Structure formats: C-alpha cells, structure tokens
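# Per-entry structural report
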Amino acid sequence: SATNDLLGADPLIGLSPEKKELLRRLRESVADLDKPDDSDHYYSRWLIAKKWSLEKAEIMLKNHLKFRREFDVDTILDWTEPEVLRKFFPGGLFGVDRQGLPVWYDNYGNLDFKGFCHSVHKEDFFKLKIKQMEHILKVLRVYSEMKGRYVENVITVIDLENLSFQKHYYWPAIQIFMEILSMSEAKYPPLTKRIILVKAPKIFPTTYNMVKHLMNDYTRQKVVVLGSNWKEEIQKYIAPDQLPEAYGGTRCEPDPWC
C-alpha cells in the first residue's frame, strides 16, 4: 500500500547474494550466544551500521550481547527507575511522522541535570535510556505486525525550551548525556532515523559546538536544528494531525503507543 511504501525500503529486499552470505556468516558467528532475536532483519542492523563489514559488524554485535548481559537487558522493562527520574525525566512516543514512523519526544530544556546528578546514580541514567530503547523496539515489533512489513526506525524530537548556559553547563551531566548518546548509537543501530531539535535558545549554537565533536559523523548527520519558525518547519516532517497541540498540531488525545 502507499502507506507501507512511505515507511521506507525494507533492508532485506533486493539483497545481493554476497550480502546474503554475510548475513549467514554473521548469524553463524554468534550461534552459541543468547540473542533477543534471530531474524535476518536483526542481523542486517549490525551489518548496515558497519557498511557491510562482517568483521566490524561481528565485533559490534558481540559487544551488544555482552552489554545485554551486563545490564540485564532482557528484564529491563520490569525495572522501576528511581522516583525522581520517573517524575521529572519526561519522554515518550506520540503519533507518527509523514513517513509513518513513530515519533519519540524528549524535553531536555527543562531538566535539572545538576540536580539529577546529585540525586541518582550514573548507572540509573543508562538503565532508563536502555529501558526506553527496549520499549521502542517492542513497539516497533507490534507496529511492524500491524503494518505487515518491517519498521526499524523512529524519529526523535528534542525540546530545548528554557535551555540555559547557567543551568545546563554542568560538565558531569554533559559527559553523561554524551555517553548515553554514544551508547544509543553503538548498542541500538540504527534505531533513530532523524533527531529534530526545537525551541533552541540563542545560547544553543555555543553549547552545541562544545559537544558536537564528541558525536560521531553518523549521529551528527541525523541532527536537524529548527529555527524560530520551528512550528512551521516541523510540519515538513510531521503532519498537524500527528503533532501535539503544544507543537502547533491538532492532536491531543492519548497516543496508543505511549
């Protein structure tokens, strides 16, 4: 259908015999390890992330499986985060973009990063992000079944309203944020297709220039910074009937994917 076509090309369609062989060999290389999935789509994620280099994909996948054991990822959805994170670290899925991909919203501008760093352990930040990623993957599996085809990405919208140099330039928090970003890209490729930043204040270019060198090129290329007319610009990516009212859209009812 037209909607399915919008979701993007299935990475397994039209694979060359050479790439099919790489999939087979990657599966074989981790045959004796516990994995959350054994589908061709699962293995293709790691090969695509490493531009079909079998050696690099194997290292990346084995690192991910080791990471799953270390953080007990298979039961992470049952983990209850500290109350301060549950109450004041907002984030969730709401609606879909114009390609039919689910949209994840983060509100970083109003967060008290320094307060978080003094009240929760660094590991709790990581565990919360892992829990969010695993929730997104679970939703994408259900969404793929609904659509009758494989959907592997979400779009992320990050709200930077009230971001201030005084409040947010706290180096331990910036380091944690960058480590989480790095972990997300290394352990969950290619989950996020695009990162849209909205309500960026005047200080944002300074802050962004300080941290962007810590990102890899793959992540930097995904970032889109919208200007002062962001409510109009965001509608290039997300239709009004899929946008929350607070973002200039018309959708206000609870989203079934939250």
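Read on for a plain summary of the structure.

Each value, and the rule that gives it
Residue positions within a chain follow its written sequence, with the count starting from 1. In keeping with the model being predicted, local features are shown solely for residues with a pLDDT of at least 70 and side-chain atom pairs are shown and tallied solely at 80 or more, while totals for entire chains, interfaces and linings include all residues. Where side-chain values are given, they derive from all heavy atoms of the structure, hydrogens and water being excluded. Whenever a helix is involved, its axis is fitted only over the stretch in contact; in every case the axis is a line through C-alpha atoms, and angles between N-to-C directions fall within 0 to 180 degrees. Segments assigned H or I by DSSP are reported as helices when at least four residues long, segments assigned E as strands when at least two residues long, and all are numbered from the N terminus. The contact criterion used throughout is that any non-hydrogen atoms of two residues lie within 4.5 Å. Residue types Ala, Val, Leu, Ile, Met, Phe, Trp, Tyr and Cys, when buried and joined through side-chain atoms within 4.5 Å, form a set referred to as a nonpolar core. Buried, partly exposed and exposed residues are distinguished by accessible area as a fraction of the type maximum, computed with a 1.4 Å probe on protein chains only: under 20%, between the cut-offs, and over 50%, respectively. For salt bridges, the criterion is a side-chain nitrogen of Lys or Arg within 4 Å of an Asp or Glu carboxyl oxygen. In this analysis, rings of Phe, Tyr and Trp, with Trp reduced to its six-membered ring, are considered paired at centre separations within 6.5 Å, and the interplanar angle assigns stacked below 30 degrees, edge-to-face beyond 60, and tilted for intermediate values. Lysine and arginine charges are scored as sitting over a ring when NZ or CZ, respectively, is within 6 Å of the ring centre and within 35 degrees of the ring normal.

Helix-helix packing is characterised by the crossing angle of the two axes and by the distance between the axes. Following both chains from N to C, one finds helix H4 (residues 54-70) and helix H9 (residues 171-187) inclined at 120 degrees, their axes separated by 9 Å at the closest point. Facing Met60, Asn63, His64 and Phe67 of H4, the residues of H9 in contact are Met183, Glu185, Ala186 and Lys187.

On to the nonpolar core. Formed by 61 residues in total, the largest nonpolar core has its most connected members in Phe89, Val157 and Tyr188. With 10 residues, helix H7 (residues 122-147) is the largest single contributor of residues to this core. The residues touching Val157, leaving out its near neighbours within four places in the chain, are Val103, Trp104, Tyr105, Asp106, Ile196, Val198, Ile234, Ile238 and Tyr247. Within the second largest apolar cluster, 15 residues are counted, among which are Trp46, Leu47, Leu54 and Ala57.

Turning to unusual backbone geometry, a few remarks are in order. In this structure, Lys51 takes a positive phi of about 55 degrees despite not being glycine. Tracing the sequence through the fold places Lys51 in the loop between helix H3 (40-49) and H4. Judged by its relative accessible area of 74%, Lys51 falls in the exposed class. Here the phi dihedral of Trp52 falls at roughly 65 degrees; this positive angle occurs in a residue that is not glycine. Look at Trp52 and you get buried, because its relative accessible area is 18%.

Of note, Asn107 is situated in strand E2 (residues 102-107). For Asn107, a relative accessible area of 23% puts it in the partly exposed group. The spatial distance from the C-alpha of Asn107 to the C-alpha of Glu161 is 7.9 Å, given a sequence separation of 54 residues. Non-local contacts of Asn107, meaning those with residues more than four positions away in its chain, are made with Pro90 and Asp159.

We now examine the pattern of salt bridges. Counting across every chain of the model gives 14 salt bridges. The shortest N-O distance in the salt bridge between Lys131 and Glu81 comes to 2.9 Å. Of this pair, Lys131 sits in helix H7 while Glu81 is found in the loop between H4 and helix H5 (83-88), placing the two residues 50 residues apart along the sequence. Here Lys131 matches Glu81 in class, with each residue buried. It is possible to trace a salt-bridge network through shared partners that takes in Glu21, Arg24 and Glu28.

Let's shift gears to the packing of aromatic side chains. Describing an aromatic ring pair means giving the distance of the ring centres and the angle of the ring planes. Tallied over the full model, the rule gives 7 aromatic pairs. A centroid spacing of 6.5 Å and a plane angle of 75 degrees characterise the contact between Phe94 and Tyr105, whose relative ring orientation is edge-to-face. Of this pair, Phe94 sits in strand E1 (residues 91-96) while Tyr105 sits in strand E2, and the two are 11 residues apart along the sequence. An aromatic cluster is defined as three or more aromatic residues linked by ring pairs; in this entry it consists of Phe94, Tyr105, Trp230 and Tyr247. Sitting over the ring of Phe67, Lys187 keeps its end group 5.6 Å from the ring centre. Against the face of Tyr247 rests Lys199, its NZ or CZ located 5.0 Å from the ring centre.

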